[in-house]
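# Report on the structure
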Amino acid sequence: MSGKYDDIINLPHPVSKKHRSMSMRDRAAQFAPFAALTGFEEELIETAEKSEKKRDI
């Protein structure tokens, strides 16, 4: 049984002659989490604290 990618599965990984390889650190940074909504976490905490105070009253 031949698979869909049998013709390319054992080819060597291409290496660019124009661009140097990206460091592992830079490559990992592309996938690092980031805060898309800056300050949103603090707003949630503040709102939760206000809600708790109202509930205590």
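Values in this document were obtained by computation on a predicted structure and should not be read as measured data. (Residues numbered from 1 in each chain as written. Predicted model: local features only at pLDDT ≥ 70, side-chain atom pairs only at ≥ 80, totals over all residues. Heavy atoms only, no water.)

## A word on the overall build of the chain
What the chain contains, in helices and strands, is 2 helices and 0 strands. Taken over C-alpha atoms, the radius of gyration comes to 25 Å for the chain, far larger than the 10 Å a tight globule of 57 residues would show. Considering only C-alpha atoms, the chain reaches an extent of 70 × 40 × 15 Å along its principal axes. Taken over 57 residues, the chain has a buried fraction of 0%. Approximately 6,500 Å² of the chain is accessible, and the part contributed by carbon and sulfur atoms is 58%. Here the chain carries 10 positive and 10 negative side-chain charges, and the mean point of each set is 10 Å from the other. (Helix = DSSP H or I, 4+ residues; strand = E, 2+ residues; numbered from the N terminus. Rg over C-alpha atoms; globule rule 2.2 N^0.38 Å. Buried < 20%, exposed > 50% of the residue type's maximum accessible area, 1.4 Å probe, protein only. Areas by Shrake-Rupley, 256 points an atom, 1.4 Å probe, with all protein chains shown as cover. Lys, Arg positive; Asp, Glu negative; His and termini not counted. Charge placed at Lys NZ, Arg CZ, Asp CG, Glu CD.)

Purely spatial values, then, with no claim about function.
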